[in-house]
Amino acid sequence: MLTPEPGTYAGPLVVDKPITIDGRGQVTIDGGGKGTVVLLDTDGAILKGLRLTNSGDSHNDIDAGVQVRGSFNVIKDNRIDDCLFGIDLQQSDHNIVRRNRISSKPVDLGVRGDAIRLWYSFDNRITDNVIRDARDTVVWYSKDNLIARNDARKGRYSLHFMYSRTNRVEDNHYEDNTVGIFLMYSDGVEVRNNLIANATGSTGIGIGFKETSDVTIAGNRVLYCATGLYLDVSPYQPDTTNRFIDNLIAYNGVGVRWLNDWQGNVFKGNRFKGNITQMVVGGGKSANRNRWEGNYWDDYQGFDRNGDGIGDTPYELYAYADRLWMDVPAAQFFTGSPMLEVIDFLERLAPFSPPDLLVRDNKPLRFADTRVAGVVGIGAGLAGAGVKDEGESDKAEAKSVPSADEFDAYEALRRSLGRD
């Protein structure tokens, strides 16, 4: 083990043997504004308790706080600041990246580097990191990684998958980013018990899908986003489904936005609350070719005469004047205006043409806290399930997040405004 004396040391540093370097929170390695601060070019090394700062600014060279080019390494409890990229793993497997505080250089969002970047890297554990003012966390061509209990804010993509299969994303807190989680061409991913809030702006998306199949989206809370869920040709693979179970989709501009008419998705036990618009489907089509069962809709107007918690009549959502701004997005600016409200009223009173049925849920929940058979044990109670890092002695310092049933909208709004 190497425990340097407290102070600042000039980088860059190349680690090419399995050694433990422990800065004990008192050692700074300054890259001098050139290249990567620490290159970890070995297997079985441990890098902890260091401040890594002042990398170069080359995107081509991926100037970073730490470049990992090996397996079975541990990078934990470090502070990485003023580095273009944070931690970059390339063709590196079975590494642990835990409890690091990461920020990029103070430049415009689009030209910052990624906080954590995986490329052709498998079976890594990215847990309990705090990320501020970086660009993305990206996972490219990588599988079987665990991404859990991270807290990322004020970036672009909290988490972005490209061609990456069978990864797990659990118990993360993603807030004030342009996009929460986006999955592109990435099948078999499990996304459970994450909090995604305040993904706003014209491209704001809570969780998005592009040609992605066989995913499980369970127990998540997607709040105050421009669009809660965004689906584009997903699932893509024949004879596959995407499963949306026990999620809270609340206080978004659009609850679920479909780029086109598609099928193969199952929505069960979800709660749609306080969204300005529950559903938008592009191209004048319907989302009703998917399976909708036992979801809660706060605009449901039916009754529950036998008290079983399920509405007596189906929930049906039709597009009336909504169709105007679904087909002409710029018209959404006038939503709620007197003229559009009059058009909507007339459309409902005496439709000029048959309205489009967007969604029919034959067993809508009458109350938000009602559980659907088969949902408990799938989406609920998953916090921490299978998330513990085997072989790690340190306890995770994850911040507890209330369950969907305990969610208080007022308190969440206060927190989002920084009024704790």
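A quick note: this is a predicted structure, and the numbers were derived from the prediction, not measured.

Student: Where do I start with the overall build of the protein chain in this structure?
Tutor: Helix and strand content of the protein chain: three helices and 37 strands. Of the contacts made within the protein chain by residues no fewer than 6 positions apart, 56% connect residues no fewer than 24 positions apart.

Student: Mind showing me how you'd approach the packing of aromatic side chains here?
Tutor: The description of an aromatic ring pair uses the distance of the two centres, along with the angle that the planes make with each other. In this structure the tally under the stated criterion is 17 aromatic pairs. Ring geometry for Phe267 versus Trp292: centroids 4.1 Å apart, planes at 10°, classification stacked. Highlighted residues: Phe267 in strand β31 (residues 265–268) and Trp292 in strand β34 (residues 291–293), separated in sequence by 25 residues. Looking at Phe267, the relative accessible area reads 0%, which means it is buried. Here a set of aromatic residues connected by ring pairs shows up, and it is made of Phe209, Phe244, Trp258, Phe267, Phe272, Trp292, Trp297, Tyr300 and Tyr315. Stacked on the ring of Phe367, the Lys or Arg Arg366 has its end atom at 5.6 Å from the ring centre.

Student: Could you clarify how one ought to interpret the sheet that holds strand β30 (residues 254–258) in this entry?
Tutor: Strand pairs in the sheet, formed through backbone hydrogen bonds, run parallel or antiparallel to each other. Reading across the sheet, the twelve strands line up as β2-β4-β6-β9-β12-β15-β18-β21-β24-β27-β30-β33 and stay open at both edges, with parallel pairing between neighbours. Among the strands making up the open sheet, the edge pair consists of β2 (13–15) and β33 (277–281). Averaged over all pairs of adjacent strands, the angle between strand axes in this sheet comes to 10°, irrespective of strand direction. Sheet topology places β2 next to strand β4 (residues 38–40); three bridges connect them, and they run parallel. Within β4, the position partnered with Val14 by the bridge is Leu39.

Student: Before we go on, may I ask you to explain unusual backbone geometry in this structure?
Tutor: Glycine aside, residues mostly have negative phi, and peptide bonds are mostly found in the trans state. Note the cis peptide between Gly11 and Pro12, where omega equals 5°. Tracing the chain through its elements places Pro12 in the loop between β1 (7–10) and β2. Between Ser234 and Pro235 the backbone carries a cis peptide bond, its omega angle lying at 0°. Residue Ile62 is not a glycine yet carries a positive backbone phi of 50°. Relative to the elements of secondary structure, Ile62 occurs in the loop between β5 (46–53) and β6 (64–68). Despite not being glycine, Tyr163 has its phi angle at roughly 50°, a positive value. Here Tyr163 shows up in the loop between β18 (157–162) and β19 (168–170).

Student: Help me understand the pattern of salt bridges, please; the structure alone is not making it clear to me.
Tutor: It is possible for side chains of opposite charge to pair when their charged atoms get near one another. Summed over all chains, the structure comprises 24 salt bridges. Salt-bridge contacts for Lys48 lead to Asp22; the nearest nitrogen and oxygen are separated by 4.0 Å. Of this pair, Lys48 sits in strand β5 while Asp22 sits in strand β3 (residues 20–30), and the two are 26 residues apart along the sequence. Take Asp22: its relative accessible area is 14%, and that puts it in the buried class. With a shortest N-O distance of 3.3 Å, Lys105 and Asp82 are connected by a salt bridge. Of this pair, Lys105 sits in the loop between β11 (101–103) and β12 (116–119) while Asp82 sits in the loop between β8 (79–81) and β9 (85–90); the two residues are 23 residues apart in sequence, bridging distant segments of the chain. Connected via shared salt-bridge partners are Arg132, Asp151, Arg153 and Glu175.

Student: Help me understand the environment of Val266, please; the structure alone is not making it clear to me.
Tutor: Note on placement: Val266 falls in strand β31. Take Val266: its relative accessible area is 18%, and that puts it in the buried class. Along the sequence, Val266 and Ile245 sit 21 residues apart, while their C-alpha atoms lie 8.0 Å from each other. Ignoring sequence-local partners within four residues, the contact set of Val266 consists of Asn242, Arg243, Phe244 and Arg291.

Student: Could you clarify how one ought to interpret a nonpolar patch on the surface in this entry?
Tutor: Together, Tyr120, Tyr141 and Tyr163 make up a nonpolar patch on the protein surface, roughly 280 Å² of accessible area in all. Among the structural elements, Tyr120 can be located in the loop between β12 and β13 (125–127). The exposure class of Tyr120 is partly exposed, given its relative accessible area of 38%.

Student: Just checking my understanding: could you explain the pairing of strand β24 (residues 205–210) for this structure?
Tutor: Successive side chains on a regular strand alternate, one facing one side of the sheet and the next facing the other. Judged by how many residues are buried, β24 sits mostly within the fold: six of six residues are covered. With five bridges joining them, strand β21 (residues 179–184) and β24 adopt parallel strand pairing. Paired with Met184 across the bridge in β24 is Lys210. Pairing analysis gives five bridges linking β24 to strand β27 (residues 227–232), with the strands arranged parallel. When the sheet's bridge partners are listed, Gly208 is paired in β27 with Tyr230.

Student: Help me out: how do you make sense of the confidence of the model for the protein chain in this one?
Tutor: Low pLDDT means the predicted coordinates in that region are not meant to be read closely. Averaged over every residue, the pLDDT of the protein chain is 86; the share at 70 or more is 80%. Here residues 376–407 is a poorly scored stretch, pLDDT under 50, and it has 64 contacts once near neighbours within four places are set aside; other chains count.

Student: How do you make sense of the side chain of Arg153 when you look at a structure like this?
Tutor: Structurally, Arg153 can be placed in strand β17 (residues 151–153). Assessed through its relative accessible area of 19%, Arg153 is described here as buried. Engagement of the side chain of Arg153 in a polar contact is seen with the side chain of His173, the distance being 3.4 Å.

Criteria and cut-off values
- Residues numbered from 1 in each chain as written.
- Predicted model: local features only at pLDDT ≥ 70, side-chain atom pairs only at ≥ 80, totals over all residues.
- Heavy atoms only, no water.
- Helix = DSSP H or I, 4+ residues; strand = E, 2+ residues; numbered from the N terminus.
- Contact = heavy atoms within 4.5 Å.
- Phe/Tyr/Trp six-rings, centres within 6.5 Å; stacked < 30°, edge-to-face > 60°.
- Buried < 20%, exposed > 50% of the residue type's maximum accessible area, 1.4 Å probe, protein only.
- Lys NZ or Arg CZ within 6 Å of the ring centre and 35° of its normal.
- Pairing = 2+ DSSP bridges.
- Axes fitted to C-alpha atoms, helices over the stretch in contact; angles between N-to-C directions.
- Salt bridge = Lys/Arg side-chain N within 4 Å of Asp/Glu carboxyl O.
- Patch = residues over 30% accessible without salt bridge, like charges linked within 9 Å, V, L, I, M, F, W, Y side chains within 5 Å.
- Areas by Shrake-Rupley, 256 points an atom, 1.4 Å probe, with all protein chains shown as cover.
- pLDDT = per-residue confidence, 0-100.
- Polar contact = N/O pair within 3.5 Å; in protein donor to acceptor, adjacent residues only side chain to side chain.

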